[in-house]
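Structural overview
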Amino acid sequence: MNRHVKKVAVLGSGIMGSRIACHLAGAGLSVLLLDIIGKEQENSEKKSERNRWVNEALQSAVKSNPSPLYHPELLKNISTGNFTDDLPRIADCDWIIEVVVERLDIKKQLFDQVEQYRKSGTLISSNTSGIPISMMVEGRSEDFKKHFCGTHFFNPPRYLRLLEIIPTVHTDPEVVQFFLHFGELILGKATVLCKDTPAFIANRVGVFSMLAVMNTMEQLSLSIDEIEFLTGTLIGRPKSATFRTADVVGLDTLIKVADGIVANCPKDEAKATLSVPAWVRQMQQNAWLGDKTGQGFFKKIKKENGEKEILTLDRNTMEYRARVKPAFPELEPAKALDDLHSRLQFIAKAKGKAGDFFRTFHYALFAYVSHRVPEISDTVYRIDDAMKHGFGWGIGAFETWDLLGVEATVSAMKAAGYTPAPWVDTMLQQGSTSFYQLTGGQKKFYDIAAGGYVAVSGDTTAFIVMKDFADQTLWKNSACRLYHLGEDVLGLEWNTKMNTIGGEVLSGIQTSIEKAEKDFKGLVIANEGANFSAGANIGMIFMLAAEQEYEELDLAVRFFQQTVLRARYAQVPVVVAPHGLVLGGSCELSLHATACCAAAETYTGLVELGVGLIPGGGGTKEFVLRAADEMHPDEPETITLKNRFLTIATAKVSTSAKEAFDLGIYRKGVDQIVMNQSRRISVARDKVIDLYDRGYVMPVSRKEIRVLGQSALGALYAGIHGMWRGGYATDHDVLVAKKLAYIMCGGDLSEPTWVSEQYLLDLEREAFLSLCGERKTLERLQSVLKGGKPVRN
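Along each chain, residues carry numbers from 1 onward, in the same order as the chain's sequence is written. Totals for whole chains, interfaces and linings use all residues, but because this is a predicted model, local features are given only for residues with pLDDT of at least 70 and pairs of side-chain atoms are given and counted only at 80 or more. Each side-chain value is worked out from all heavy atoms of the structure, with water and hydrogens disregarded.

1. Considerations on the overall build of the protein chain
Working definition: helices are DSSP H or I runs of at least four residues, strands are E runs of at least two. Numbering for both runs from the N terminus. On a plain count of helices and strands, the protein chain comes out with 33 helices and 25 strands. The globule rule used here is 2.2 Å times the number of residues to the 0.38 power, and the radius of gyration it is set against is calculated over C-alpha atoms. In terms of overall size, the protein chain behaves like a compact globule, its C-alpha atoms giving a radius of gyration of 28 Å where 793 residues would be expected to give roughly 28 Å. Its C-alpha atoms put the protein chain at 80 × 70 × 65 Å along the principal axes. Only protein chains enter the accessibility calculation, which uses a 1.4 Å probe; a residue is then buried when its area is under 20% of its type maximum, exposed when over 50%, and partly exposed in between. In the protein chain, which comprises 793 residues, the proportion classed as buried is 54%. For the protein chain, restricting intrachain contacts to residue pairs at least 6 apart in sequence, the fraction spanning at least 24 positions comes to 70%. Any two residues whose heavy atoms approach within 4.5 Å at even a single point are treated as in contact.

As C-alpha cells, then:
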C-alpha cells in the first residue's frame, strides 16, 4: 500500500505527549495535540480556557532545556485542542498516537471515543512503556486491530533515537513495515521490532543491567561514586552512568518496571537479580526518588558560601556525604585509550576490583541477553540496537561479547557460575565463533532458526558505516583511513581525540582528494564518533604559541587554509556528512565543502573567539564572501555584514542543523538535513554520485569579493566599544573583536573595494598569528586544555 502520513493526532499532552508532538513537528508533520479540559475550565465557553491544560503543557515543553524543537518556527506545525470539543478532528489525521496516563482502563475509554471518529484505514498506536499491547485491542473493531500497534518513544524523543515497534497478532504486516520504515526515514529513529513482552526490549535489558550493577556493587563492596566511574564513559555508556540515570528517570519508575518484570515473567531465570535491593526499597519509602523529589542517589545542596555541592548517598549508613573521586590505578592506562574497543579489551583483563566488577557484571549481562533470545526478540542485533539507541550504550551486549571473544568468555562465565542460553553452545559447536560477521560492508548476524549467518534486515544500502569497509581500505596514516564505499566513491574518516584536526588529518584530506580526482567520482568525509570534530588541535596551537614557534605556526595555518580551499576547488565533489559537535576548524571545512549532508542533531559554529582567537582556517574569509553575496540593494550594506560578524564574535553554536541555516553556515539549495543520523553517509554518497553524473564542474576561485572598508569598520568598532562600556566584553575581547572586524571589512580601506579570497586569507592568518602571541589568549587556551571553560580575562 502506498501510504502517506502528513497529519498526526497526539492524544495526551504530558511530558511524553507534548515532546512527541514537538518531534513530529520537527520532522515536518502537521500535529494535532489534544488533552482533557481542566476541572476549573469545564464550564468555560472560551476556547482558550478550555484548552488551557494542553496549551500550558505544550509551552512548558517548548521552554524546557534542551529544547524538544529543532527550531522555534516549527511550533506553528502544532495545533491544540481538547478531547471534549476537538476529538472529531482526528478524522482528518493519518496517524493517531495515544500518550495518556499508564492505566489500561483510561486508555480503553479513550479508544472507545476514538473509534467513533477515526476513519477506516487510519494508523493508530500507543506509546505505552509496559502495558501489553494485546490487551489494548480487546473489544476493538477488526479495522482498529489491523492498524494498531505499540510505538514506544524514549524520553526525550528528540534526542533518544530508539522507537520500539510492537505489533499484536492482529496487526497487518504492512502496518508494521510502514512504521519501521517511516520511523527510520522520516522521524530519524532507530526503529526496532519488538515482541509484546513485559517492558519490551530496551527497558527489560536496561533495568536488569542497572540491578545487576547494584548486585555486583554489593558483592564487591564498591561505592556509588566508584560505580559511576566504572559504568560511564569509561565503558562507552552515557556520562549519567547508572545512578545518575536512575535519579533522572525516577527511582519509583525503575522499581515499578523491575517489579513488573518479576510479576509478569515467572520463567525469567534472573528473578533474584531483578529483585530490588532492600536499601533501594528504603529509599523509596523515604521518598528519595531522584530529581523529582530533590534527592535520590545524589543530593544537591547549597553551602554556607552560596556554592552548590552534590553529595552522594552512602548505602551502608543511608546518609549523604561529599563525593569521593574513585581511585583505580590499574585503569590509568585504559583512560589514555581513545578507542572504545581497545579500552574494553584492556579493562576485561585488568586486575583488582575494577577488573572484577567489569567481568562479573558483563558475565551476568551476557547470560541474561542470551536467554532473552527468542523470548523478547528473535535476533541478537535488535537487542543491541535497542540498548545503543534507547540507553545510549556505545556498544551492544552481543557486540561486546564478540569483542572479548565468545568462546573464551563462555568458558570464563561457566567457571564463575553464569550459564548462557543453550543456543550459544550450539553456535560454538557448529564452528560459529561470533554473533556477527562482516563481509564487504555487509553485516550479518547468527540466526538461531537458520543455524547460521543471515544478513541484517532492512535497506542496508541506506546505512553506511565507514569501518564496515575496512577490507576496502585504499590508504591510511596514523590518524586517517580512506575507504572505497562502492559506486566509485571514496570515504575518509579520522580517529583522534575528540576527532580534532591536526597535520595528519589535513594531510589525509589532501591525499584523499588527490586520489578521488584521479580514479573516482568524489569523496565523502564523515565518521561514526560521538562527534564529527571539536575543531583544530588547540594543543598543537598552544604548544607552538607558547614556545613562540611563529614560523611553524604560520606554516600550520597556511596548510589548514590550503586544505579547505583544496576541498572547495577539487575537480570532483567533496561532500561532508557531519553530526554532533562540528566546531571551529571542522565548521570551516564544512563551509568549504561542495555540499554538506548534516544530521539533524548537528551543533556547529565558529567558536574560536571563545579562546581569544579568530577563525583562521578560512572561516572568517568565507563569512565575508557570503556576506558580500547576500547584500541586498534595498538594505544598508552593513546589516548583512554585522549579522555575520556577530555570529563569529559571540561564538554562536547552532542548536540543530536547521538553526545552522539561519546562522549562514549551511546554504539553502546546496546543503541538506538528514533526519536519521545513520543515513547521512549514504545520503552524502548519493549526493556525490548525483553531482558527478550531472557533470560536476570545479568552481572558479573568487577574485571579486566586495568589502566595505572604513564605512563598515567604524560601525563595528562603535558596537564593540558599546559592549565594552556595558561590561559585556573584557579588554582582550575588544582586541580580538577589533581584529575580526578589521578582516571582515577588508582592512582600513577608504572606500568599498573588490578583493580576492587570498587577500582575505592573508588578513585572517596575520590576525590569528598576532593573537597567538597574546598572553591572555594563551591563558584561555591553557584553561580549555585543562578541561575547563575559557577564562574571561
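2. Things to note about helix α24 (residues 550-568)
Compared with an ideal rise of 1.5 Å per residue, which puts 19 residues at 27 Å, α24 spans 27 Å between its outermost C-alpha atoms and is within 8% of the ideal. In this fold, the buried residues of α24 make contact with α22 (503-519), α23 (538-546), β19 (574-576), α25 (585-592), α26 (619-630) and α32 (757-772). How far a helix is expected to stretch is found by multiplying one less than its residue total by 1.5 Å.

3. Description of the environment of N155
You can see N155 is positioned in the loop between β6 (148-153) and β7 (162-167). On the basis of relative accessibility, which here comes to 38%, the residue N155 falls in the partly exposed class. Put simply, N155 and R19 are 136 residues apart on the chain and 8.2 Å apart in space, counted from C-alpha to C-alpha. Beyond its immediate sequence surroundings of up to four residues, N155 is in contact with I15, M16, R19 and L160.

4. Considerations on empty space enclosed by the protein
Each cavity reported here is a set of points on a 1 Å grid over the protein atoms alone in which a 1.4 Å probe fits but cannot get out, each pocket an open set with protein on both sides within 12 Å along at least five of seven lines, and each lining residue one with an atom within 4 Å of a point. Grid points are joined across faces, edges and corners, and a volume is the space filled by probe spheres set on the points. Scanning all chains against the criterion turns up one cavity of 30 Å³ or more. Taken as a whole, the largest cavity holds about 60 Å³ of empty space. Around the largest cavity, the lining residues are I235, R237, L344, H362, L365, F366, I395, G396, A397 and T400. Listing elements by their share of the lining of the largest cavity, those giving two or more residues are α17 (352-371) and α19 (397-404). Charged means Asp, Glu, Lys or Arg here, nonpolar means Ala, Val, Leu, Ile, Met, Phe, Trp, Tyr, Cys or Pro, and polar covers whatever is left, Gly included. Considered class by class, the residues forming the lining of the largest cavity number six nonpolar, three polar and one charged.

5. Regarding the sheet that holds strand β18 (residues 522-525)
Pairing between sheet strands relies on hydrogen bonds along the backbone, with the strands arranged either parallel or antiparallel. Strands are treated as partners if at least two bridges between them are detected by DSSP. One open sheet holds the seven strands; their spatial order is β15-β16-β17-β18-β19-β21-β23, and the pairing between them is mixed. Two strands in the sheet have a free side with no partner beyond their single neighbour: β15 (473-476) and β23 (672-674). Each adjacent strand pair in this sheet contributes to an overall mean axis angle of 25°, direction not counted. In this sheet, strand β17 (residues 489-494) lies alongside strand β16 (residues 480-484) in antiparallel orientation, the contact comprising five bridges. Bridge assignment links Y483 to a residue of β17, and that residue is G491. Axis lines are fitted through C-alpha atoms, for helices just across the contact stretch, and the angle between N-to-C directions can take any value from 0 to 180 degrees.

6. Regarding the packing of α24 against α25
Running from N to C, α24 and α25 cross one another at 30°; their axes reach a closest spacing of 8 Å. Taken together, the axes of α24 and α25 are roughly parallel relative to one another. At the point where α24 passes α25, the crossing takes the right-handed sense. Contacts between α24 and α25 involve F560, V564, L565, A567 and R568 from the former and G585, E588, L589, L591 and H592 from the latter. Residue composition of the contact of α24 with α25, by class: six nonpolar, two polar and two charged. An angle below 35 degrees is read as roughly parallel, one above 145 as roughly antiparallel, one from 65 to 115 as roughly perpendicular, and any other as oblique. By definition, turning the near helix anticlockwise from the far helix through less than a right angle yields a left-handed crossing, and turning it clockwise yields a right-handed one.

7. Remarks on the sheet that holds strand β14 (residues 452-455)
Across the sheet, which stays open at both edges, the three strands sit in the order β12-β13-β14 with antiparallel pairing between neighbours. Each having just a single partner strand, β12 (436-439) and β14 make up the two edges of the open sheet. For this sheet the average axis-to-axis angle between neighbouring strands, irrespective of direction, equals 35°. Bridge analysis of strand β13 (residues 442-447) against β14 gives four bridges, and the strand direction is antiparallel. Each bridged residue has a counterpart across the sheet, and for K444 the counterpart in β14 is A455.

8. Section: the pattern of salt bridges
Should a side-chain nitrogen of Lys or Arg be within 4 Å of a carboxyl oxygen of Asp or Glu, the pair is scored as a salt bridge. All chains considered together, the criterion is met by 54 salt bridges. Close ionic contact of R694 with D690 constitutes a salt bridge, the shortest N to O distance being 3.0 Å. Judged by its relative accessible area of 59%, R694 is exposed. Residue class for D690 comes out partly exposed when judged on its relative accessible area of 36%. By sharing partners, the salt bridges in this structure join K47, R50, D85, D86 and R89 into a single network.

9. Quick look at a negative patch on the surface
On the surface, a cluster of negative charge is contributed by E547, E549, E551 and E552. Locating E547 in the fold gives a position in the loop between α23 and α24. Residues enter patches when their relative accessible area tops 30% and they take part in no salt bridge; the joining distance is 9 Å for like charges and 5 Å for the nonpolar side chains Val, Leu, Ile, Met, Phe, Trp and Tyr. Each accessible area is a Shrake-Rupley result for a 1.4 Å probe, and residues are judged covered by the shown protein chains and nothing else. In this charge count, Lys and Arg are treated as positive and Asp and Glu as negative; neither His nor the chain ends contribute. For the purpose of locating charges, the reference atoms are NZ of Lys, CZ of Arg, CG of Asp and CD of Glu.

10. Digging into the pairing of β18
Covered by surrounding structure in β18 are G522 and V524 together with L523 and I525, the residues of both alternating faces. Pairing geometry for β17 and β18, over four bridges, is parallel. Bridging across to β18, V489 finds its partner in G522. Handedness of the crossover joining β17 and β18 through α22: right-handed. Pairing geometry for β18 and β19, over three bridges, is parallel. Bridge pairing in β19 links L523 to V574. Here, the term right-handed applies to a crossover whose path from the first strand over the helix to the second runs clockwise when the strands point away from the viewer.

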